[in-house]
Amino acid sequence: WGIFHWLFQVPGFRVYHGMILSVYFGMYFGLWTLGINILKRAGIPLYMISASLLWIFIEYMRAHAGFLAIPWATLAQSQYRNLPVLQIASVTGEFGISFLVILFNLALAESLMRRTMRPVVITAIVIIPVFLWGTLQINHAGSSQKKISIAVVQPAILPEERASEEGLANSLSRLEHLTEAVISLKPSLIVWPETAIKATLPVLIISQGQKNWLINTGSPY
């Protein structure tokens, strides 16, 4: 319910819609707890690894469920301040980060239930090298002294503006004006909001001199 509270700003979204969405979203977590119960009862070897892989499978399934896909609030997103661990995403994607988070939490739970530190120690053997490797990657990138500038354009498009052609035209005009204002700063990347354009656009690569402009809108907005 807390994850989707912002949807109540959408016209027509009611309390019962939020309840249905919360129940559906919560079913994925219930499915995982059912799965780990089955794994433990079956005596599957390397239980913590198997349970962590199950979590990743369910996260993937939740993000690729067609029109019911909900890719928000993954465990990887909880680590947005943990820069060394985040570096593993360059190899595994965000699912690798979620795997490490659930693996450590399972190890902690097992240690508390069994009253032994052995699961935590074993997990640390996996996580510490990842942390050290990520730290080296950050230090190596920092030593290159290469910096990029990013401009974020926020036109504050209201939901009611998207309901009319005139409102959409005004929103696009604000986007254009704000983008022109930051071009003088010569940013390496200009970022627009997710739903800035209410249309389906292909990926466009526009070459201008020595610069390549990539426009990618994967959603139908």
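Read on for an overview of the structure. Small disclaimer: the values here were computed from a predicted structure and weren't measured. (Residues numbered from 1 in each chain as written. Predicted model: local features only at pLDDT ≥ 70, side-chain atom pairs only at ≥ 80, totals over all residues. Heavy atoms only, no water.)

Quick notes on the packing of aromatic side chains
One pass over the structure, following the stated rule, counts nine aromatic pairs. Aromatic side chains Phe 8 and Phe 13 sit 5.1 Å apart centroid to centroid with 75° between the ring planes, which places their arrangement in the edge-to-face category. A residue is classified by how much of its surface remains accessible, and Phe 8, at 30% relative accessible area, is partly exposed. Summarising the aromatic geometry, the rings of Trp 32 and Trp 55 are spaced 4.9 Å apart at their centres and angled 85° between planes, so their arrangement reads as edge-to-face. With Trp 32 in helix H1 (residues 15–42) and Trp 55 in helix H2 (residues 47–63), the pair connects residues that are 23 residues apart, well separated along the chain. A relative accessible area of 11% means that Trp 55 is categorised as buried. Through a chain of ring-to-ring contacts, three or more aromatic side chains come together here, namely Phe 4, Trp 6, Phe 25, Phe 29, Trp 32, Trp 55 and Trp 72. (Phe/Tyr/Trp six-rings, centres within 6.5 Å; stacked < 30°, edge-to-face > 60°. Buried < 20%, exposed > 50% of the residue type's maximum accessible area, 1.4 Å probe, protein only. Helix = DSSP H or I, 4+ residues; strand = E, 2+ residues; numbered from the N terminus.)

Comments concerning the side chain of Ser 52
Counting through the fold element by element, Ser 52 comes out in helix H2. Judged by relative accessible area, which is 0%, Ser 52 ranks as buried. Those residues in contact with Ser 52 that sit more than four places away from it in its chain are Phe 99, Ile 102, Leu 103 and Leu 106. (Contact = heavy atoms within 4.5 Å.)

Thoughts on the packing of H2 against helix H5 (residues 94–114)
H5 packs onto H2 with a crossing angle of 140° between their chain directions and a minimal axis gap of 9 Å. On the basis of the axis angle, H2 is oblique to H5. Helix-helix and strand crossings are classified by hand; for H2 and H5 the assignment is right-handed. Residue-level contacts link Tyr 47, Met 48, Ile 49, Ala 51, Ser 52, Leu 53, Trp 55, Ile 56, Glu 59 and Tyr 60 of H2 to Phe 95, Ser 98, Phe 99, Ile 102, Leu 103, Leu 106, Ala 107 and Glu 110 of H5. When the residues that make up the contact of H2 with H5 are grouped by side-chain class, the tally is 14 nonpolar, two polar and two charged. (Axes fitted to C-alpha atoms, helices over the stretch in contact; angles between N-to-C directions. Parallel < 35°, antiparallel > 145°, perpendicular 65-115°, else oblique. Left-handed = near helix turned anticlockwise from the far one by under 90°. Nonpolar A, V, L, I, M, F, W, Y, C, P; charged D, E, K, R; others polar.)

Examining unusual backbone geometry
The phi angle at Ala 73 is positive, at roughly 60°, despite the residue not being glycine. Of note, Ala 73 is situated in the loop between H2 and helix H3 (83–86).

Some thoughts on helix H7 (residues 165–183)
Relative to the 27 Å expected for 19 residues at 1.5 Å per residue, H7 spans 27 Å between its end C-alpha atoms, a close match to the ideal helical length. Every buried residue of H7 is accounted for by Gly 167, Ser 171, Leu 175, Thr 179 and Val 182. What you see down the axis of H7 is that its buried residues fit within an arc of 110°, all on one side. More than 90 degrees from the buried face of H7, the exposed residues found are Glu 165, Glu 166, His 177 and Glu 180. Where H7 is buried, its residues touch strand E1 (150–152) and strand E2 (189–191). (Expected span 1.5 Å × (residues − 1). Arc of directions from axis to C-beta.)

So, H2
Over its 17 residues, H2 extends 24 Å from the first C-alpha to the last, a length consistent with the 24 Å expected when each residue adds 1.5 Å. Taken as a whole, H2 has its buried residues at Tyr 47, Met 48, Ala 51, Ser 52, Trp 55, Ile 56, Ile 58, Glu 59 and Arg 62.

Side note on the pattern of salt bridges
Counted under the stated rule, the structure contains two salt bridges. The partner of Glu 110 in a salt bridge is Lys 40, with the nearest N and O atoms 3.3 Å apart. Taken together, the positions of Glu 110 in helix H5 and Lys 40 in helix H1 put the pair 70 residues apart, joining distant regions of the chain. Overall, the relative accessible area of 4% leaves Glu 110 in the buried class. In this structure, the salt-bridge partner of Arg 114 is Glu 110, at a minimum N-O distance of 3.0 Å. In this pair, Arg 114 and Glu 110 are both assigned in helix H5, four residues apart and thus about one turn of the helix distant. Note on Arg 114: relative accessible area 56%, which makes it exposed. Three or more residues joined by partner-sharing salt bridges are found here, namely Lys 40, Glu 110 and Arg 114. (Salt bridge = Lys/Arg side-chain N within 4 Å of Asp/Glu carboxyl O.)

The values reported here are purely geometric and, on their own, carry no functional implication.
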